[in-house]
Amino acid sequence: MIVTAQPEATEAGACVLMRGGNAVDAAMAAALVQGVVDPQMCGIAGFGTCQIYDPYRNLHRTIDFHGRTPLAAREDMWAELLEGEVRIGFGFILKGRVNDIGYQSIATPGSLLAYYEAAEQFGTWDWKDICAPAIEQARQGFRVRPHVQRWWTHGAEEGQVDNIERLAFSETGRSIYFRPDGGLKKIGDRVENPDLANTLERIARHG
């Protein structure tokens, strides 16, 4: 069974299985495609945990790839900025939202390294072949689906920075996720991100 939030990712994993790849090959291909078609929820610059079970070797392995804090960070560095905790209990609200938007809010991501390690240690396919579906998907772009559009417009209702503001924060974000008239793209609109395709091609070549 392959379960993802977007059908393109599930289809990518299914194709890998049908072509003889194992479950880890399929999962990593699906994860890379999911990062293309649902970019604010996951992607190569994200974090998380990967659970792998190999029944043939009776092996259960966990890859923890949560984001790393810069070495210069201190436990008390933002203590005077604390305003409260987000309503879902997943993070804190600081004055100026410096922990939520902008360059100070970025940790060192772990997703891509975890995908690569999982594929190298437990997969059977070449890394470049695992990356290929995501590259193809990034080249052709994707249509905004209801789940993605809802996250853009309603995903930050717990005290965080509004997601539309987050998408518009950078020039690249504005060019990718907004219409020429300045409005946010809607359900059915195509999102194209050729720079991501180029990045994924480099990752396929160099790991």
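Up top you'll find the structure we're talking about.
Bear in mind the structure is a predicted one, so any value in this text is a computation, not a measurement.

Each value, and the rule that gives it
Residues numbered from 1 in each chain as written. Predicted model: local features only at pLDDT ≥ 70, side-chain atom pairs only at ≥ 80, totals over all residues. Heavy atoms only, no water. Helix = DSSP H or I, 4+ residues; strand = E, 2+ residues; numbered from the N terminus. Rg over C-alpha atoms; globule rule 2.2 N^0.38 Å. Patch = residues over 30% accessible without salt bridge, like charges linked within 9 Å, V, L, I, M, F, W, Y side chains within 5 Å. Areas by Shrake-Rupley, 256 points an atom, 1.4 Å probe, with all protein chains shown as cover. Salt bridge = Lys/Arg side-chain N within 4 Å of Asp/Glu carboxyl O. Pairing = 2+ DSSP bridges. Axes fitted to C-alpha atoms, helices over the stretch in contact; angles between N-to-C directions. Parallel < 35°, antiparallel > 145°, perpendicular 65-115°, else oblique. Left-handed = near helix turned anticlockwise from the far one by under 90°. Contact = heavy atoms within 4.5 Å. Nonpolar A, V, L, I, M, F, W, Y, C, P; charged D, E, K, R; others polar.

> What am I meant to see in the overall build of the chain here?
Secondary structure summary: the chain contains 8 helices and 6 strands in total. Reading the secondary structure of the chain in the N-to-C direction produces α-α-β-β-β-β-α-α-β-α-α-α-β-α. Its C-alpha atoms give the chain a radius of gyration of 18 Å, within 12% of the compact-globule value 17 Å for 207 residues. Reported as C-alpha extents along the three principal axes, the dimensions of the chain are approximately 55 × 45 × 30 Å.

> Please clarify how a nonpolar patch on the surface should be interpreted in this entry.
There is a patch of nonpolar side chains on the surface, built from Phe47, Ile88 and Phe90 and spanning about 360 Å² of accessible area. One can find phenylalanine 47 in the loop between α2 (23–37) and β1 (49–54).

> Where do I start with the pairing of strand β3 (residues 82–85) in this structure?
Side chains on a regular strand alternate between the two faces of the sheet. Direction of pairing for β3 relative to strand β4 (residues 92–94): antiparallel, over a ladder of 3 bridges. Across the sheet, the residue bridging to glutamate 85 is phenylalanine 92, located in β4. Once β3 ends, the chain turns through 6 residues before running back antiparallel as β4, passing glycine 89 with a positive phi of about 80°.

> Teacher, can you tell me more about the packing of helix α1 (residues 7–18) against α2 here?
When two helices pack together, their arrangement is given by the angle between the helix axes and the distance between those axes. The contact between α1 and α2 brings their axes to 8 Å, and the two run at 155°. Relative to α2, the element α1 lies roughly antiparallel. Crossing geometry of α1 relative to α2 is assigned as right-handed. In this structure, α1 uses Glu8, Ala9, Ala12, Gly13, Val16 and Leu17 to contact α2, whose residues at the interface are Ala23, Asp25, Ala26, Ala29, Ala30, Val33, Gln34 and Val37. Each residue belonging to the contact of α1 with α2 can be placed in one class, and the counts come to 10 nonpolar, 2 polar and 2 charged.

> What is the right way to look at the pattern of salt bridges in this model?
Proximity of charged atoms lets side chains of opposite charge pair with each other. Counted by the stated rule, this structure contains 8 salt bridges. The partner of arginine 97 in a salt bridge is glutamate 83, and the shortest N-O contact between them spans 3.1 Å. Here arginine 97 is found in the loop between β4 and α3 (111–122), whereas its partner glutamate 83 is found in strand β3, with 14 residues between them in sequence. The residue arginine 179 makes a salt bridge to aspartate 189 at a minimum N-O spacing of 2.8 Å. Linking arginine 179 in the loop between α7 (171–177) and β6 (190–191) with aspartate 189 in the loop between α7 and β6, this pair joins segments that are 10 residues apart in sequence.

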